[in-house]
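Here is what each chain is made of, one letter per residue.
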Amino acid sequence: MTQQELSLEGGCACGDVRYRLTATPLFTHCCHCLYCQRQSGSAFALNGMVENDAVELLQGETEAVVLETPSGAGQDVHRCPRCRIALWSHYLRLPEIARDVSFLRVGTLDEPTAIAPDIHIHTVSKQPWVTLPDGTPSSEAYYDAAKLWPAESLARRDALVERARKADD
Ligand SMILES: [Zn+2]
Ligand SMILES: [Zn+2]
């Protein structure tokens with residue numbers, strides 16, 4: 001498993017929770033679904049998918065709240081217990097590795113420009129005033145990771161699946 005070395009810090013709004021991201025996300029979703037719009041109070045959510053161990057908690061702790069997702073499986077959203085800002089979540093639709101992958105809220109990084117979306121998803125409910133950039137893939141609903149993820153990210157995902165299977169034995 002090759003992982004790009006990275007060191008980006010981030011945190012919640014009140015400063016109680018601080019974390020360090022140590023790997024480039026497997027893939028970063030800009031999600032335009034109506035759940036993300038309601039849950040963020042904005043037009044989309046920006047989530048970088050990364051192995052849990054690449055998100056090091058530096059300070060504080062998070063509290064999980066279960067919220068709905070388009071797949072119906074839901075997600076555990078980890079929030080600062082004091083200011084309630086969402087920092088990352090685990091999308092429970094992912095087979096086998098749902099709990100091993102964090103969907104990091106990119107906007108909570110101190111330098112959020114460091115990570116740009118790899119794909120725009122659920123664009124069927126995209127706000128009409130959001131113009132998608134040329135050259136970034138988009139999907140009206142979800143998509144097939146095998147077709148769009150870089151080989152390195154697929155290898156990292158396979159390593160997680162392998163680890164989960166071994167843990168089950
Ligand atoms: Zn906070
Ligand atoms: Zn969404």
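Being a predicted model, the structure only gives us computed values, none of them experimental.

Undergrad: Give a description of the overall build of the chain that names residues and reports values.
TA: Summing up its helical and strand segments, the chain has 3 helices and 10 strands in all. Of the regular secondary structure in the chain, the N- to C-terminal order runs β-β-β-α-β-β-β-β-β-β-β-α-α. Each principal axis of the C-alpha atoms in the chain carries an extent, and together these give about 45 × 40 × 30 Å. Every one of the 169 residues in the chain was classed for burial, and the buried ones make up 31%.

Undergrad: If you had to explain the sheet that holds strand β1 (residues 5-11) to someone new, which residues and values would you point to?
TA: Read from one edge of the open sheet, 3 strands run β1-β2-β5, paired in antiparallel fashion. Either end of the sheet is taken by a strand with one partner, and the two such strands are β1 and β5 (55-59). Each neighbouring strand pair of the sheet contributes to a mean axis angle of 25°, computed without reference to strand direction.

Undergrad: I'd like to hear about the sheet that holds strand β7 (residues 75-79), residue by residue, with values.
TA: Strand order across the open sheet formed by 7 strands is β6-β7-β8-β9-β4-β3-β10, with mixed pairing between neighbours. This sheet does not close on itself; its edge strands, each paired only once, are β6 (63-67) and β10 (119-121). Here the average twist between neighbouring strands, direction ignored, is 30°. Sheet topology places strand β8 (residues 86-91) next to strand β9 (residues 101-105); 2 bridges connect them, and they run antiparallel. Across the sheet, residue S89 finds its bridge partner in β9, namely F103.

Undergrad: Requested: an account of the nonpolar core, with residues and values cited.
TA: C31, F44, M49, V50, L87 and L104 are the most contacted members of the largest nonpolar core, which has 29 residues in total. Only β2 (18-23), β3 (27-31), β4 (45-51), β8 and β9 provide two or more residues apiece to this core.

Undergrad: Explain the environment of V101 to me, and be specific about the residues and the numbers.
TA: One can find V101 in strand β9. The class for V101 is buried, based on 22 C-beta atoms found within 10 Å. For V101 and H32, which are 69 residues apart along the polypeptide, the C-alpha to C-alpha distance reads 20 Å.

Undergrad: Got a sec to walk through the environment of V161? Specific residues and values, please.
TA: Take V161: it is sitting in helix α3 (residues 151-168). Distance in space between the C-alpha atoms of V161 and V65 is 25 Å, their sequence separation being 96 residues. Discounting residues that sit within four places of it in the chain, V161 has contacts with E96 and I97.

Undergrad: I'd like a description of the pairing of β4, backed by residues and values.
TA: For β4, the buried fraction is high: 7 of the 7 residues fall into the buried class. Here β4 shows a buried face lined by A45, N47, M49 and E51 and a second buried face lined by L46, G48 and V50. Summarising the sheet, β3 and β4 pair through 5 bridges and their orientation is antiparallel. From the neighbouring strand, C30 faces β4, where its bridge partner is L46. Of the pairings in the sheet, the one linking β4 to β9 comprises 5 bridges and is antiparallel in character. Paired with M49 across the bridge in β9 is F103.

Calculation notes
- Residues numbered from 1 in each chain as written.
- Chains lettered and ligands numbered in written order.
- Predicted model: local features only at pLDDT ≥ 70, side-chain atom pairs only at ≥ 80, totals over all residues.
- Helix = DSSP H or I, 4+ residues; strand = E, 2+ residues; numbered from the N terminus.
- Buried ≥ 20, exposed ≤ 12 C-beta atoms within 10 Å, placed from the backbone.
- Pairing = 2+ DSSP bridges.
- Axes fitted to C-alpha atoms, helices over the stretch in contact; angles between N-to-C directions.
- Core = buried A, V, L, I, M, F, W, Y, C linked by C-beta atoms within 7 Å.
- Contact = placed C-beta atoms within 7 Å.

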